[in-house]
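The primary structure of each chain is shown beneath.
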Amino acid sequence: MIKRHLILLVVLALASCARVQTLNLEKHDYSERPHHIIWFQIAGFTEEHIPLLRFNIPEANYRTSLEKIDCLGKMWNFNLYELRPDSTRSFLSQLNGSKNIKGQCEDFETRPVWDYLSEIGYASSLFDSGATDDQSLEKALKCPLNNTLNTTKLRYYRMGPDAAGSSSGKKSFHYQDSIVGIQETMRPGIYYDKSCQKNICYSSISNNFKTLWGQFVKDQPDTFFLVRDFNFIKGLKKKDIGYAKESLQEIERIVAWVNAQKRDDVLILITGAESQNIEFPKEGKQWAEFERSGKNILYRNSSLMSPVMAAGPMSENFCGLFDESEMLKRVLHHPEKKQFNWDLLNPFTNW
């Protein structure tokens, strides 16, 4: 009799172990730490802007790459001093886990997420696109105590004004450089896009990303790559919907390209800040005029919440509603794997 009970318990245990775990109806392995983390911070973005990517596609069942995420969360946008802080301050709060963001040098004294990741073997690269001097992470170098941008460990790429006349130690890059040239940009330091002249960049974010990240993951077993984009919000505020749409399409192209690599070791994060609430026009002629000239668009205050979109290993950490300052904790959080309880096989347990 005891033997029969033991066999039954073993069968039930094996059956429970064989159960396929899912997230958003897709197979998902929980508590798996990614080898590569790609984080897009998009100023002005909210998930309600995805129609800019979808509604010109003739295929009714078409889904953008942003819609194929595993988990969607929402973040409260506030700190100790402001309700609705601007995107620059919200981005910093997400990265360093602090609500004490004043827009001053002391904001850069707190350790950012990549500093913690370096302790467990991650190499990090940061990429700014469309950032003004005041918005860029390079601003940290002007502060007496800078724990944010360590150019002896980090690779910092910037699509902005040409570096001519700037201080020594700043170099340039171009996505069409030779392999040797691209490999040189994998060394820690500050790099400016050669194609950017007088506030106009002739390279695209997607081309730059494919070249830089593609080489980065070849050289390093564990990587963190941050992309901060300020172009999208510029387009929205100017009612230049074509420019805003193209900026968002660039992120879509990158996500689609990464997905096409068929890697199961990449966590993709997309977060917004200073999310711009807009009321889209009705269909037909009004929608066409909206896309062409920004007509028929109604603006409201920026949102009190911004989206968090996650796909890949550990994406389960980003479901739910939380403060933007919790992003750092959720990136670093790694629960222990579920362990099998061998007591289940003991027929004499709990008798």
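Residues numbered from 1 in each chain as written. Predicted model: local features only at pLDDT ≥ 70, side-chain atom pairs only at ≥ 80, totals over all residues. Heavy atoms only, no water.

S.K.: Would you explain a nonpolar patch on the surface in this entry?
M.R.: A cluster of nonpolar residues, Trp 76, Leu 83, Leu 304 and Leu 321, forms a patch on the protein surface that exposes about 360 Å² of accessible area. On the secondary structure map, Leu 83 appears in the loop between strand 4 (71-76) and helix 3 (87-96). (Patch = residues over 30% accessible without salt bridge, like charges linked within 9 Å, V, L, I, M, F, W, Y side chains within 5 Å. Areas by Shrake-Rupley, 256 points an atom, 1.4 Å probe, with all protein chains shown as cover. Salt bridge = Lys/Arg side-chain N within 4 Å of Asp/Glu carboxyl O. Helix = DSSP H or I, 4+ residues; strand = E, 2+ residues; numbered from the N terminus.)

S.K.: What is the right way to read the packing of aromatic side chains from this model?
M.R.: By convention here, two paired aromatic rings are described through the distance between centres and the angle between planes. Enumeration according to the criterion identifies twelve aromatic pairs in this entry. Centroid distance Phe 209 to Trp 257: 6.3 Å. Interplanar angle 90°. Geometry classified as edge-to-face. You can see Phe 209 sitting in helix 6 (residues 205-219) and its partner Trp 257 sitting in helix 8 (residues 241-260), a full 48 residues away along the chain. When its relative accessible area of 23% is taken as the criterion, Trp 257 is described as partly exposed. The ring of Tyr 116 is capped by Arg 111, whose NZ or CZ atom sits 4.0 Å from the centre of that ring. (Phe/Tyr/Trp six-rings, centres within 6.5 Å; stacked < 30°, edge-to-face > 60°. Buried < 20%, exposed > 50% of the residue type's maximum accessible area, 1.4 Å probe, protein only. Lys NZ or Arg CZ within 6 Å of the ring centre and 35° of its normal.)

S.K.: How should the environment of Phe 173 be read in this particular structure?
M.R.: Topologically, Phe 173 is positioned in strand 7 (residues 170-173). Judged by relative accessible area, which is 1%, Phe 173 ranks as buried. Once residues within four sequence positions are removed from consideration, Phe 173 is found in contact with Phe 127, Tyr 157, Arg 158, Thr 185, Tyr 191, Tyr 192, Asp 193, Lys 194, Asn 208 and Leu 212. (Contact = heavy atoms within 4.5 Å.)

S.K.: What should I look at first to understand the sheet that holds strand 8 (residues 189-193) in this one?
M.R.: Sheet strands pair via backbone hydrogen bonds, and the direction of the pair is either parallel or antiparallel. In spatial order, the strands read 7-8-6-5-11-3-12-15-4-16; together these ten strands make up an open sheet with mixed pairing. The sheet is open, and its two borders are formed by strand 7 and strand 16 (320-323), each paired with just one other strand. Strand-to-strand twist of the sheet, defined as the mean angle between neighbouring strand axes without regard to direction, takes the value 20°. As paired elements, strand 5 (residues 123-129) and strand 11 (residues 223-229) share seven bridges and run parallel to each other. Residue pairing for strand 11: Ser 124 is matched across the bridge by Phe 224. Running at roughly 155° to strand 3 (residues 36-43), helix 3 makes contact with strand 3, strand 4, strand 11 and strand 12 (266-273) of the sheet. The strands touched by helix 6 are strand 3, strand 5, strand 6 (155-159), strand 7, strand 8, strand 11 and strand 12; relative to strand 11, the strand with the most contacts, the crossing angle is about 165°. (Pairing = 2+ DSSP bridges. Axes fitted to C-alpha atoms, helices over the stretch in contact; angles between N-to-C directions.)

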